[in-house]
Amino acid sequence: MNLDILIQKCESTGALSRDEILYALNLDSKTDIARLIGAADAVRKANCGDDVQIRALVEISNTCARQCLYCGIRAPNTHIHRYRMPPDEIVELAKELDQKGLRTIVMQSGEDPYYTAEMVADIIGKIKRDTQMAVTLCFGERPESDYRLWKQAGADRYLLRHEAANRELYKALHPDSDYGQRMHCLHILRRLGYQVGAGCMIGAPGQGVEHLADDIEYFRDFQPDMAGIGPYIPHPDTPFADHPTGTVEMTLKMVALTRIVTRNALLPATTAIGSIEERGREMALEAGADVVMPNYTPLKYRVHYEIYPNKRCITEDPAHCDSCMRLRI
Ligand code: SAH
């Protein structure tokens, strides 16, 4: 395969074949990778412009019913303090964020059945009534009726990383979850009219370059509105504690290829890449990403939302995050 022709195709249509995706993922010289990243940057500029979108992340609960083998807040982990933000506190925080000028609130949590469909709908309804903000949800897999109720209450977007487009890898990472169900949820969310976010970790245990090609093909074929891509980071209190961290280089190649095959999807420069490399988020923004998600979870809760250790921005107060993030952009 010829790199010049591939780069041209990346910039013109992005309709890459599996062989082309694999070729790009296997590039290993610094100059070749820089060309791929440069193509993604050009595609980002042409399709999304130069604005960086800001999304306020609020981690409302670290209580989780699932056993995902990589995740620090998995149900069997007894070493963490579990919290739940009371609904009123979430709504009050949303109003403050609105006052600060933030335009989107992303509420994320473990899979926590404590928040009934009605409770969440009530929170969404109040935020939509009292603020101008778009509401994004990231609560994992729920019944279609919950997703429908939340859409009717005014929710705009839903993030549900597909985690692994390859069925066997998905199973190896999620002993108590079902691949078909995850994919089904993504399709339901789209049918209900949500803007849908997919995504995956890079360097997850057992993941090889063929699996990553499956993920890029998935992005190419499903065309999510958003895609969250960050490195895998081992957590000491999980069965995968000893598995190595994903690399910055492969994460950037994946961000670049996702930009190339989706053209205009919203791509966050994730906290995870910022956690393994000081300039990680800036590098992602230069490789096709166009969103940042500063963490506005109240400090007393934030330290406990430890899906992986040494998370960035774990102790800074929100005012500092705001100025720091603007500076970085
Ligand atoms: N329960 C929600 C939110 C999960 S946390 C859901 O199911 O969607 C958000 C994301 O963090 C997950 O989708 C996963 O991709 C990522 N994550 C979890 N553990 C991680 C780890 N150890 N390293 C890097 N990312 C991780």
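The paragraphs below set out a description of the structure included in this document. Since we're looking at a predicted model, the values are computed, not measured. (Residues numbered from 1 in each chain as written. Predicted model: local features only at pLDDT ≥ 70, side-chain atom pairs only at ≥ 80, totals over all residues. Heavy atoms only, no water.)

Along any regular strand the residues' side chains alternate between the sheet's two faces. Counting buried residues along strand 7 (residues 226-231), six of its six residues qualify, which places the element largely inside the surrounding structure. Residues of strand 7 alternate between two faces, with Met 226, Gly 228 and Gly 230 on one and Ala 227, Ile 229 and Pro 231 on the opposite face, all of them buried. Across six bridges, the pairing between strand 6 (residues 195-202) and strand 7 is parallel. Following the sheet pairing, Ala 198 is matched in strand 7 by Ala 227. Handedness of the crossover is the feature at issue here: the chain leaves strand 6, passes through helix 9 (residues 209-222), returns alongside strand 7, and the resulting connection is right-handed. (Buried < 20%, exposed > 50% of the residue type's maximum accessible area, 1.4 Å probe, protein only. Helix = DSSP H or I, 4+ residues; strand = E, 2+ residues; numbered from the N terminus. Pairing = 2+ DSSP bridges. Right-handed = clockwise from strand over helix to strand, strands pointing away.)

Moving on: the nonpolar core. Membership of the largest hydrophobic core comes to 103 residues, with the highest contact counts inside it found for Met 107, Leu 137, Tyr 147, Trp 150 and Tyr 194. The element best represented in this core is helix 10 (residues 248-262), accounting for nine residues. Formed by eight residues, the second largest nonpolar core is a distinct cluster that contains Cys 138, Leu 266, Val 291 and Met 293. (Core = buried A, V, L, I, M, F, W, Y, C linked by side-chain atoms within 4.5 Å.)

Right, let's talk about the pattern of salt bridges for a bit. Taken as a whole, this structure holds 31 salt bridges when the rule is applied. Where Asp 130 meets Lys 95, a salt bridge forms, and the shortest distance between an N and an O atom there is 3.6 Å. With Asp 130 in helix 5 (residues 117-130) and Lys 95 in helix 4 (residues 87-99), this pair connects stretches of sequence that are 35 residues apart. Lys 95 sits in the partly exposed class, given a relative accessible area of 27%. Put simply, Asp 122 and Lys 126 hold a salt bridge, and the shortest N to O gap is 3.0 Å. Of this pair, Asp 122 and Lys 126 both sit in helix 5, four residues apart, which is roughly one turn of the helix. Its relative accessible area of 41% is what places Asp 122 among the partly exposed residues. Take Lys 126: its relative accessible area is 25%, and that puts it in the partly exposed class. (Salt bridge = Lys/Arg side-chain N within 4 Å of Asp/Glu carboxyl O.)

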